[in-house]
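# Per-entry structural report
If you want the building blocks of each chain, they are given just below.
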Amino acid sequence: TENIQLDIRIVPYGEDLRLLVAQDVTQLRFMERVRSDFVANVSHELRTPLTVLRGYLETLGPADESLPESNLKIFQRMREQTARMESLVDGLLSLTRLESPAHQVVQKKLDVPAMLKSICDEIELLADEHPTIELILETDAHLQGAEQELRSAFSNLIVNAVKYTPATGRVTVRWRDEGEGARLDVEDTGPGIAQHHLPRLTERFYRVAVDGCKSNSGSGLGLAIVKHALSRHGAELKIASTIGKGSCFSCCFPEERVVRADSRAESRRA
Ligand code: ADP
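In this report, we go over the structure that sits alongside the text. (Residues numbered from 1 in each chain as written. Predicted model: local features only at pLDDT ≥ 70, side-chain atom pairs only at ≥ 80, totals over all residues. Heavy atoms only, no water.)

A word on the sheet that holds strand β6 (residues 170-177). Here we have five strands laid out as an open sheet, ordered β4-β6-β7-β9-β8, and mixed in their pairing. The sheet is open, and its two edges are formed by β4 (132-137) and β8 (236-242), each paired on a single side. Neighbouring strand axes in the sheet, compared pairwise and without regard to direction, differ in orientation by 10 degrees on average. Sheet topology note: the strand β7 (residues 182-188)/strand β9 (residues 246-253) ladder contains six bridges and is antiparallel. Residue Leu184 lies in a different strand from β9, and its bridge partner there is Cys251. Contacting β4, β6 and β7, helix α3 (residues 112-126) crosses the sheet at an angle of about 175 degrees to β4. (Pairing = 2+ DSSP bridges. Helix = DSSP H or I, 4+ residues; strand = E, 2+ residues; numbered from the N terminus. Axes fitted to C-alpha atoms, helices over the stretch in contact; angles between N-to-C directions. Contact = heavy atoms within 4.5 Å.)

Okay, structure coming up:
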């Protein structure tokens, strides 16, 4: 009577035999759901007191000129750490939403070139000193997908590239049509990442200390969010990196997600 969940795989066995492996994953899936619900609830409960705390901190400090310099510094630190905690809680909330198969969002045709342009403009405005950001649009292909999820995936990759690359470096964002599918490459001339870290980079909270990097304040959730957002679109994240040369993060979208100019015209006529 209980709903049993099975994970079924076919694995090669010797020359011409195949094994059918069925594993009971009911308990495992149940525990995953408990964990995910717990994280979602805790994050949600933490959100409100944090917002209140930030509100109070914003009204204190810089406004009060009678405070000694050392206290102003303390207020500044408190504001930074509250912002950091808020970004962690927001990251955890996004992750639990992305992990939940039940969480359905509106899928529509997304103008990827316009989205990339607005992300790059926003980052250029926000960062004081940053590497040159070059946006190369080799195609005007659109994607069928969830706007917020893809925007946050692309933005996380571009923000990372800008964050980890020195101001003298370069970040190249390239949107290209692959014939079978489409692909976004975010390439940088930053410090690069050692090969042994690459398979673990998309795990939540996995961080690598980057020498001489201006930011050590990340949450380690960014790439986990990217991976989940992409996999919900049947897309894959590929990472290539060379120490001392730079990194390239690629989002590879399957053909069924790509909407090209001619098919857009057809759907308008229809
Ligand atoms: P965060 O940036 O918040 O630490 P992420 O999940 O976005 O978390 O990234 C995980 C780790 O991957 C980072 O701590 C950093 O060491 C490494 N990383 C990500 N993007 C780059 C990049 N473009 N260049 C070098 N290292 C990177």
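From this point, the narrative continues.
On to a nonpolar patch on the surface, then. Together, Ile4, Leu6, Ile8, Ile10 and Leu20 make up a nonpolar patch on the protein surface, roughly 560 Å² of accessible area in all. The biggest single contributor to the nonpolar patch is strand β1 (residues 6-13), with three residues. Within the secondary structure, Ile10 sits in strand β1. (Patch = residues over 30% accessible without salt bridge, like charges linked within 9 Å, V, L, I, M, F, W, Y side chains within 5 Å. Areas by Shrake-Rupley, 256 points an atom, 1.4 Å probe, with all protein chains shown as cover. Salt bridge = Lys/Arg side-chain N within 4 Å of Asp/Glu carboxyl O.)

Between two aromatic rings, the relevant description is the distance of the centres plus the angle of the planes. Overall, the coordinates contain two aromatic pairs when judged by the stated rule. With a centroid separation of 6.1 Å and an interplanar angle of 90 degrees, the aromatic rings of Phe154 and Phe253 are classed as edge-to-face. Highlighted residues: Phe154 in helix α4 (residues 147-164) and Phe253 in strand β9, separated in sequence by 99 residues. When the centroid spacing of 6.4 Å and the interplanar angle of 80 degrees are considered together, the rings of Trp175 and Phe253 count as edge-to-face. Of the two residues, Trp175 sits in strand β6 while Phe253 sits in strand β9, which places them 78 residues apart along the sequence. Using a relative accessible area of 3% as the deciding quantity, one classes Phe253 as buried. Among the aromatic residues, those joined into a cluster by ring pairs are Phe154, Trp175 and Phe253. (Phe/Tyr/Trp six-rings, centres within 6.5 Å; stacked < 30°, edge-to-face > 60°. Buried < 20%, exposed > 50% of the residue type's maximum accessible area, 1.4 Å probe, protein only.)

This part is about the state of the cysteines. All chains considered together, the criterion is met by zero disulfides. Unpaired in this structure, Cys120 has its nearest cysteine sulfur neighbour in Cys251, at a distance of 13 Å. For the unlinked cysteine Cys252, the closest cysteine sulfur is that of Cys251, found at 7.4 Å. (Disulfide = S-S within 2.5 Å.)

Attention shifts here to the sheet that holds strand β10 (residues 258-259). The antiparallel open sheet is built from three strands, whose spatial order is β3-β5-β10. Edge positions in the sheet fall to β3 (108-110) and β10, since each has one partner strand and no second. Bridge analysis of strand β5 (residues 142-145) against β10 gives two bridges, and the strand direction is antiparallel. When the bridges of β10 are listed, His142 appears paired with Val259. Set on the sheet, α4 makes contact with β3 and β5; between it and β5 the angle comes to about 120 degrees.

Moving on, we come to the site of the ligand. Asn160, Tyr164, Asp188, Arg207 and Leu223 are the nearest of the 19 residues found near the ligand. Gly220 places a main-chain nitrogen or oxygen 3.0 Å from an oxygen atom of the ligand. Expressed as a share of its isolated accessible area of 530 Å², the protein-covered part of the ligand is 98%. Listing elements by their share of the shell around the ligand, those giving two or more residues are α4, α5 (222-231) and β9. The element best represented in the shell around the ligand is α4, accounting for four residues. The residue makeup of the shell around the ligand, split by class, is ten nonpolar, six polar and three charged. (Near = heavy atom within 4 Å. Polar contact = N/O pair within 3.5 Å; in protein donor to acceptor, adjacent residues only side chain to side chain. Nonpolar A, V, L, I, M, F, W, Y, C, P; charged D, E, K, R; others polar.)

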